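Working through the structure, step by step
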Amino acid sequence: MNTSRQMLKKLIAFSIPLILSGLLQQLFNWVDALIVGNVIGESALAGVGATTSLYNLFVTVIFGFTSGLSVLFAQQYGRGETSKNACLLADYSMLLGVIFTVISVLGMILFVPILKLLDTPKHLFDYAKDYLIVIFIGIPFISVYDTYSAALRGMGNSKAPFISVLISSVINGLLDYVFIALCGFGVWSAAVATVISQIAMTVYIIVFTVKKYPQLRFSLSHRDKLLNSIKIGGKYALPPAVQSSVTSVGNIFLQRFMNGFGEQTVAAITTAYRVDSVLLLPILNFSTAISTIVAQETGAGNSKSAKKAFHIGTILMAAMSVGLTIVILLTGNMLLSMFGLTSEAVAIGDEFFKTISLFYVIFGISMSIKGYLEGTADMLFSGIIGICSLGVRIVCSYAFEGVFNNMVIAYAEAFSWIFLLLVFFLRYCKKKNKDL
């Protein structure tokens, strides 16, 4: 009983900063949307929303990759291999920074065909273009930040990433207000505010790591181990990165699918997804907490403690999911109205909430099992099933459009969550039987 209490405290203490970090990251996107929608107008908000799936492609790929690295950081930390963590951090922060700098430059050059591929409505094109060109600048900084954040999380420090995101959120909110509300600049200034805030949080987390963990300082002394470090890290990081990239590409096509329902639906659903993504963050970040602690305990050879973390985490996850369902059912309409949407768009978004929120508990439990599987280094399976889940979502979107109309977007996602839960549960049962 005492060990259960200790594990409960450990999970809560580690997950709260993670959850708050995730909420703040999404809330500063809310600030962009709130100010753009209320000051510039609904069309500007829809224009920014039309770029969301493309931007999220890069952000989710980076996060997917570094979440895989975080499991390796945690396992090596559990085994007391701090020097290996230092090599891994230096190698991947440099590698990802270079790769995503190249990608960002290409994105700024090729923005016109990209927006055409997304089937962006003509009257939204200029808004989307102005926002997209600037927002690409911040992507390399996100890659470096996420790598450092993954290293600190793996070593049990979730507070420093939270503080860095808090600093970033304050800067973003202030600059959004100054640039748009006071100075009357266009949607591009919301992107400028976001990029500046991303640079600030990256600088903070690097400085903190250098001062707090001198053993993690960047060094060229291990260059002979570079390829080996990249190879080992790739085994953990590539499966979730590939899943994230495929999922994000699929979301781009789903964005194109959604754009076909017209401007009001685009504005309503993209705004609803802003709210929905914030509501789901506690679930996603708690899944990360389960994964990290399971990885630490597994690395230290404590399989019983790893399973205890999973069991306690699943109970907390289910309770959290039910609570989030209640919150969105009670406040969804009001939250949508804050973004300056028309009453018709608010009605569409509210219907979306009433549909998707009923499946939150299914998503929550599936993410709990996913966290356990990834914490035990079952990354490849998790990645493959994530891709299959996207396939289910895309097929259901097109297959049931005539049945659910524009709400097919919500039902298709719910069906994909059911698929995830079933497959992850079967995988867990198989692993559990092997351990007996």
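The present account deals with the structure reproduced in this document. Keep in mind it's a predicted model, so treat the numbers as computed, not measured.

**Points about the overall build of the protein chain**
Within the protein chain, the regular secondary structure consists of 17 helices and zero strands. In summary, the protein chain has a C-alpha radius of gyration of 21 Å against a globular reference of 22 Å for 436 residues, a match within 12%. Dimensions of the protein chain, computed from C-alpha atoms along their principal axes, come out at roughly 55 × 45 × 35 Å. In the protein chain, buried positions account for 55% of the 436 residues. For the protein chain, contacts bridging at least 24 residues in sequence account for 86% of all contacts bridging at least 6. For the protein chain, the centre of its 30 positive side-chain charges and the centre of its 21 negative side-chain charges are spaced 16 Å apart.

**Digging into the packing of aromatic side chains**
Enumeration according to the criterion identifies 18 aromatic pairs in this entry. Centre to centre, the rings of F310 and Y372 are 4.9 Å apart; their planes meet at 40 degrees, and the pair counts as tilted. In this pair, F310 sits in helix 12 (residues 303-337) while Y372 sits in helix 14 (residues 360-375), placing the two residues 62 residues apart along the sequence. In terms of burial, F310 and Y372 fall into one category: buried. Through a chain of ring-to-ring contacts, three or more aromatic side chains come together here, namely F400, F404, Y411 and F415. When the ring centre of F381 is taken as reference, the NZ or CZ atom of R427 above it lies at 4.2 Å.

**Overview of unusual backbone geometry**
Phi is positive for A377, close to 70 degrees, though the residue is something other than glycine. Position of A377 relative to the elements: it lies in the loop between helix 14 and helix 15 (379-399). Looking at A377, the relative accessible area reads 36%, which means it is partly exposed.

**Some details on helix 14**
With 16 residues, helix 14 extends 22 Å from end C-alpha to end C-alpha; this agrees with the ideal 22 Å at 1.5 Å per step. For helix 14, the buried fraction is high: 13 of the 16 residues fall into the buried class. Just downstream of helix 14 lies A377, where phi reads positive at about 70 degrees.

**Digging into the pattern of salt bridges**
One pass over the structure, following the stated rule, counts five salt bridges. We note a salt bridge from E297 to K10, for which the minimum N-O separation is 3.0 Å. A residue pair is termed long-range when its members are at least 10 positions apart, and E297 in helix 11 (residues 263-299) and K10 in helix 1 (residues 2-40) qualify at 287 residues. A relative accessible area of 10% places E297 in the buried class. Taking the relative accessible area as the measure of exposure, K10 reaches 32% and is therefore partly exposed. Taking the shortest distance from any N to any O, the salt bridge between E413 and R393 comes out at 3.9 Å. One end of the pair, E413, is in helix 17 (residues 408-435); the other, R393, is in helix 15, with 20 residues separating them in the sequence. Residues E413 and R393 agree in their burial class; the two are buried.

**Focus on a nonpolar patch on the surface**
A cluster of nonpolar residues, M94, V98, V102, V105, L106, I109 and L110, forms a patch on the protein surface that exposes about 610 Å² of accessible area. The topology assignment puts M94 in helix 4 (residues 82-109). M94 sits in the partly exposed class, given a relative accessible area of 35%.

**Structural notes on helix 8 (residues 159-182)**
When the terminal C-alpha atoms of helix 8 are compared, their 33 Å separation across 24 residues agrees well with the 34 Å that a helix rising 1.5 Å per residue should span. Every buried residue of helix 8 is accounted for by A160, P161, S164, V165, S168, S169, N172, G173, L175, D176, F179 and I180.

**Describing the side chain of S164**
Within the secondary structure layout, S164 lies in helix 8. Classification of S164 as buried rests on a relative accessible area of 0%. Within the local environment of S164, its side chain forms a polar contact with the backbone oxygen of P161, the two atoms lying 2.7 Å apart. Apart from the residues lying within four places of it in its own chain, the contact partners of S164 are Y145, M201, Y204 and I205.

**Let's talk about the environment of I40**
Looking at the element boundaries, I40 is found in helix 1. Exposure remark for I40: the relative accessible area of 29% places this residue in the partly exposed category. On a C-alpha basis, the gap between I40 and L420 in space is 40 Å, while along the polypeptide they are 380 residues apart. Once you skip the residues sitting within four places of it in the chain, I40 turns out to touch I35, Y127, I180, F185, G186 and V187.

**A few points about the packing of helix 12 against helix 14**
Where helix 12 contacts helix 14, the axes come no closer than 8 Å and their chain directions differ by 155 degrees. It follows from the interaxial angle that helix 12 and helix 14 lie roughly antiparallel. When you trace helix 12 past helix 14, the crossing you get is right-handed. From helix 12, A306, K307, F310, G313, T314, M317, A318, S321, V322, L324, T325 and I328 reach across to helix 14, where they touch Y360, V361, G364, I365, M367, S368, I369 and Y372. Its residues assigned to classes, the contact of helix 12 with helix 14 shows 13 nonpolar, six polar and one charged.

What counts as what
- Numbers given for residues are sequential positions, taken from 1 along each chain in its written order.
- Note on the predicted model: pLDDT of at least 70 is required for a residue's local features to be given, and 80 or more for side-chain atom pairs to be given and counted; whole-chain, interface and lining totals, by contrast, use all residues.
- Think of the side-chain values as coming from all heavy atoms in the structure, minus any hydrogens and water.
- Only DSSP runs of H or I reaching four residues or more are called helices, and only runs of E reaching two or more are called strands; each is numbered from the N terminus.
- Note that the radius of gyration is over C-alpha atoms, with the globule rule given as 2.2 Å times the number of residues to the power 0.38.
- Burial classification: accessible surface area is computed with a 1.4 Å probe over protein chains only, and a residue below 20% of its type maximum counts as buried, one above 50% as exposed, and the rest as partly exposed.
- Pairs of residues are marked as contacts when any of their non-hydrogen atoms sit within 4.5 Å.
- Working convention for charge: Lys and Arg count positive, Asp and Glu count negative, and His plus the chain ends are omitted.
- Note on charges: their place is set at NZ of Lys, CZ of Arg, CG of Asp or CD of Glu.
- Each pair of aromatic rings taken from Phe, Tyr and Trp, with Trp reduced to its six-membered ring, is defined by centres within 6.5 Å and is described as stacked if the planes are under 30 degrees apart, edge-to-face if over 60, and tilted in the remaining cases.
- Any Lys NZ or Arg CZ that is within 6 Å of a ring centre and within 35 degrees of that ring's normal is treated as a charge sitting over the ring.
- The span one expects for a helix is its residue count, reduced by one, times 1.5 Å.
- Any carboxyl oxygen of Asp or Glu that lies within 4 Å of a side-chain nitrogen of Lys or Arg is treated as forming a salt bridge with it.
- By definition, no residue in a patch forms a salt bridge, and every one has over 30% relative accessible area; like charges are joined within 9 Å, nonpolar side chains (Val, Leu, Ile, Met, Phe, Trp, Tyr) within 5 Å.
- Using a 1.4 Å probe, accessible areas were evaluated by the Shrake-Rupley method; residue-level cover was limited to the displayed protein chains.
- Between N or O atoms, a polar contact is any pair within 3.5 Å; within protein, one atom must be a potential hydrogen donor and the other a potential acceptor, and residues adjacent in sequence are included only when both atoms are from side chains.
- In this analysis, axes come from line fits to C-alpha atoms, helices being fitted only over the stretch in contact, and the angle between any two N-to-C directions falls in the range 0 to 180 degrees.
- Roughly parallel refers to an angle under 35 degrees, roughly antiparallel to one over 145, roughly perpendicular to one between 65 and 115, and oblique to any angle outside these ranges.
- In a left-handed crossing the near helix is turned counterclockwise from the far helix by less than a right angle, and in a right-handed crossing that turn is clockwise.
- Just so you know the grouping, Ala, Val, Leu, Ile, Met, Phe, Trp, Tyr, Cys and Pro go in nonpolar, Asp, Glu, Lys and Arg go in charged, and all remaining residues, Gly too, go in polar.

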